[in-house]
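# Breakdown of the fold
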Amino acid sequence: MSFALEYRKKHLTAPKKCEAPAPKAKAKPKRRGRKAPPKQVVVAAPPEDTRANRATVLGALLLAAAILAVFNSEGLRLVAGDLAEEEVGRPVLVVSEAWDDAMDSVGAKALMASVRGLVEEAREASWADVVVLAGGGARQGDRRIIAADVARGDITGSLPRRAKHAIEIKD
Amino acid sequence: MLFPPLSFGIFFLGVFAAAWELRQWPEARKAFLVGVSYIFYACWDWRFTVLLAASSLINYTAGRLLAVTESDRGRRQLVAIAIALNLGILAFFKYFGFFMESLSDLLTQVGLQRDLPFLEILLPIGISFFTFHGISYVVDVYRGKIPAEESPLDVLLYISFFPQLVAGPIIRASDFLPQLKTEPKLDRAMVANGIVLILLGLFKKMVIANYLANELVDGVFFDPSAFSGPDLLLALYGYAVQIYCDFSGYSDIAIGVAGLLGYHFKPNFMQPYRAASLREFWQRWHISLSSWLRDYLYKPLGGSHHGTAQTHRNLLITMLLGGLWHGAAFTFIVWGAIHGTALVIERMILAFKPAPVQIVQLAGYGPVGRVLAFGAMGGQAFGKALSVFVTFNIVCLAWIFFRSESISYALVYLRGLTDWSGPVERATPFLVALIFVSLAAHFVSEGLVERISAKLHDAGALTLGAVLGFGILFIWAMAPGGVAPFIYFQF
């Protein structure tokens, strides 16, 4: 906005507002023998407690170690196997093997096994599997056609050449 | 000792507990951290701890002598001697064999074959990194950025601190030494950030980098003549992702571990593959090295203050030596030369580039102006996308030489990229998705990691322990078997 417009808006068009004078604060009567209460002082938040945070991290590290010991007991067994090359490490191997067997018996190793299984499936998936997934799941006839295409070599583990054609064939 | 395995976890648990217990006794804490850092280094080869100590003491002594020397000439001579000693150690261990082999080849070619002295020299791990730390300390003292340390303990800790000892980041003396003067603190942000970075680093290295190396890159680069163009291109992009995840993963773990011990390290990578120019790429890739080369090599050579020709010369020298720093081979020199040449050409193009269209001004010219502004926005966006694509492919071209065993292998690879007639064997959905998602992650918000770690600021030990424990568990479950060494350990 130009200076002229700005000046006009500020000084010539807006009516002046008359402000009423601020009312005088009433004087409070003096009380004998009593002092005024101290003003409330706002205290800044205390600095973070390093000791408490250290304890938190230590607790977290120990809990993480416990989780790994329970759900990845096989890993412990492998590390103990390396230690067992020395005489002093052999009792550790015996304990870790017993622990691994115990975790296996309660099913604690199932979590890692299922994650590994999912990753293996993803690794071994072919483009035909991706096409089927993208199509919302293949019907039984489509699966047979795709299997036949795979057997003939028309669909390989790499880019599909006839996957689209296979899906279009109906039962 | 490597970061991922269980042994490091046990090691760090003990170090963390003891280091914070010693917080009230700063000298004892520093001595303890120096001790464990030397134990960490000794796990590779205990003999090189002597070299590490010698390098640290040379730099400490140089600093003390600079503090008591007043004449400019004397101080310059001291700096020169210290730098020469540092580089001499590096040159002997890293480049002696390369030099003798190259000299022998040259003499054979000109008919002057000789039996040159043969020395089998082991490369001390991390020598390139701790040499640069030492030079950084001496030069910063000379420039007055930091005072010379009176206690050798501080210099020993700065150079040998285990999170960054073997593969960086290259921490500046002026950034780290002042932190040793104050009482270390551990706040919630450092805790949360440390845990998130450690998990992120482990995922990048153990899952992404290891799968790409095992299932794609190593096989294709071993014999590029056996693969078709599409496989070579996929492996090249795969290597770009692998080396990023491998190196930035290590940096993330190092920064996270240092943070949990109360020390702040600057970021070393900032989504480098979203760079729209080579210059921007080097502001995002291995930031600690590129800034070190800028401050201790490029600027002392004259930088960009003495005309165009000298600027270009300085850029080329800096990038050539940066390439040589990575390894004693002509492939690394070619890698540096490609980056140097590309940077020079980029500067030349930018010197003639017209000023970008001011979209806001265009929009002020009514409907026609708004249409033009919209078109200009689209054009700029397309131009930016094209710049990012071109920059990424120039970087990948250089990676061919970085990864190849020799120049001839690299040339075979380049020739193979033009042949698309063969079958495609390696492009499985898993690998393509891994590469695509990893590259796409470069374009997410830059503050995403901080926002994720902010959600853990108020978490207690139970939540943090569950996140860390199950995080590591899932990473181990997803990762391929074995522990591949970090790529930058060889530097």
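Residue positions within a chain follow its written sequence, with the count starting from 1. All chains are assigned letters beginning with A, and all ligands numbers beginning with 1, in the order in which they are written. This being a predicted model, a pLDDT of at least 70 is required before a residue's local features are given, and a value of 80 or more before pairs of side-chain atoms are given or counted; all residues contribute to the totals for chains, interfaces and linings.

## Some thoughts on the interface of chain A and chain B
C-beta atoms are placed from the backbone for every residue, and two residues are taken to be in contact when these atoms lie within 7 Å. At the junction of the two partners, chain A supplies 31 residues and chain B supplies 34 residues. Numbering of helices and strands runs from the N terminus, with a helix taken as a DSSP run of H or I at least four residues long and a strand as a DSSP run of E at least two residues long. If you list the elements that add at least two residues to the side of chain A that touches chain B, you get α2 (50-71), α3 (73-83), α5 (110-124) and α6 (127-134) of chain A. A total of 15 residues in the side of chain A that touches chain B trace back to one element, the largest contributor, which is α2(A).

## Comments concerning the nonpolar core
Residue and element names in this part refer to chain B. Linking buried Ala, Val, Leu, Ile, Met, Phe, Trp, Tyr and Cys residues through C-beta atoms within 7 Å yields a set, and such a set is a nonpolar core. Between the buried cut of 20 or more and the exposed cut of 12 or fewer other C-beta atoms within 10 Å of a residue's own C-beta lies the partly exposed class, and all C-beta atoms are placed from the backbone. One finds Tyr 158, Ile 195, Leu 212, Ala 235, Ala 240 and Trp 399 to be the most contacted residues of the largest nonpolar core, which totals 135 residues. Among the elements that make up this core, the one with the highest residue count is helix α9 (residues 188-222) (22 residues). Setting aside anything within four residues of it in sequence, one finds Ala 240 in contact with Val 395, Cys 396 and Trp 399.

## Some remarks on the packing of α5(A) against helix α20 (residues 461-478) of chain B
Close contact between α5(A) and α20(B) brings their axes to 8 Å; oriented N to C, the two are set at 45 degrees. Classified by the angle between their axes, α5(A) and α20(B) sit oblique to one another. For the crossing formed where α5(A) meets α20(B), the hand is right-handed. Residues A:Met112, A:Val115, A:Arg116 and A:Val119 of α5(A) lie in contact with α20(B), whose contacting residues are B:Leu473, B:Phe474, B:Ala477 and B:Met478. Under the scheme applied, nonpolar residues are Ala, Val, Leu, Ile, Met, Phe, Trp, Tyr, Cys and Pro; charged residues are Asp, Glu, Lys and Arg; polar residues are all the others, including Gly. By residue class, the composition of the contact of α5(A) with α20(B) is 7 nonpolar, no polar and 1 charged. The axes are straight lines fitted to the C-alpha atoms, using for helices just the contacting stretch, and the angles between their N-to-C directions are given from 0 to 180°. Note that the term roughly parallel is reserved for angles under 35 degrees, roughly antiparallel for angles over 145, roughly perpendicular for angles of 65 to 115, and oblique for everything else. The crossing is said to be left-handed when, going from far helix to near helix, the turn is anticlockwise and less than a right angle, and right-handed when the turn is clockwise.

## What about α2(A)?
To estimate the expected span of a helix, subtract one from its residue number and multiply by 1.5 Å. Spanning 22 residues, α2(A) covers 31 Å between terminal C-alpha atoms, matching the ideal 32 Å at 1.5 Å per step. Buried residues of α2(A): A:Arg54, A:Thr56, A:Val57, A:Ala60, A:Leu61, A:Ala64, A:Leu68 and A:Phe71, and no others. When α2(A) is viewed along its axis, its buried side chains cluster within an angular range of 160 degrees and face the same direction. Seen from the open side of α2(A), the exposed residues pointing more than 90 degrees away from its buried face are A:Arg51, A:Ala52 and A:Ala66. Buried residues along α2(A) sit in contact with α5 of chain A together with α1 (6-21), α9, α10 (229-260) and α20 of chain B. The arc in question is the one traced by the directions running from the helix axis out to the C-beta atoms.

## Some remarks on the confidence of the model for chain A
The quantity called pLDDT is the predictor's confidence in a given residue, expressed from 0 to 100. Of all residues in chain A, 51% have pLDDT values of 70 or greater, and the mean over the chain is 70. The low-confidence segment residues 155-171 of chain A, where pLDDT is below 50, has 37 contacts with residues more than four positions distant or belonging to other chains.

## Quick notes on unusual backbone geometry
Residues and elements named next belong to chain B. Backbone torsion omega between Gly 168 and Pro 169 reads 0 degrees, so that peptide bond is classified as cis. Following the sequence through the fold, Pro 169 ends up in the loop between α7 (162-165) and α8 (173-176). Positioned with a positive phi, Gln 271 is a non-glycine residue whose angle comes to about 45 degrees. One can find Gln 271 in the loop between α10 and α11 (278-284).

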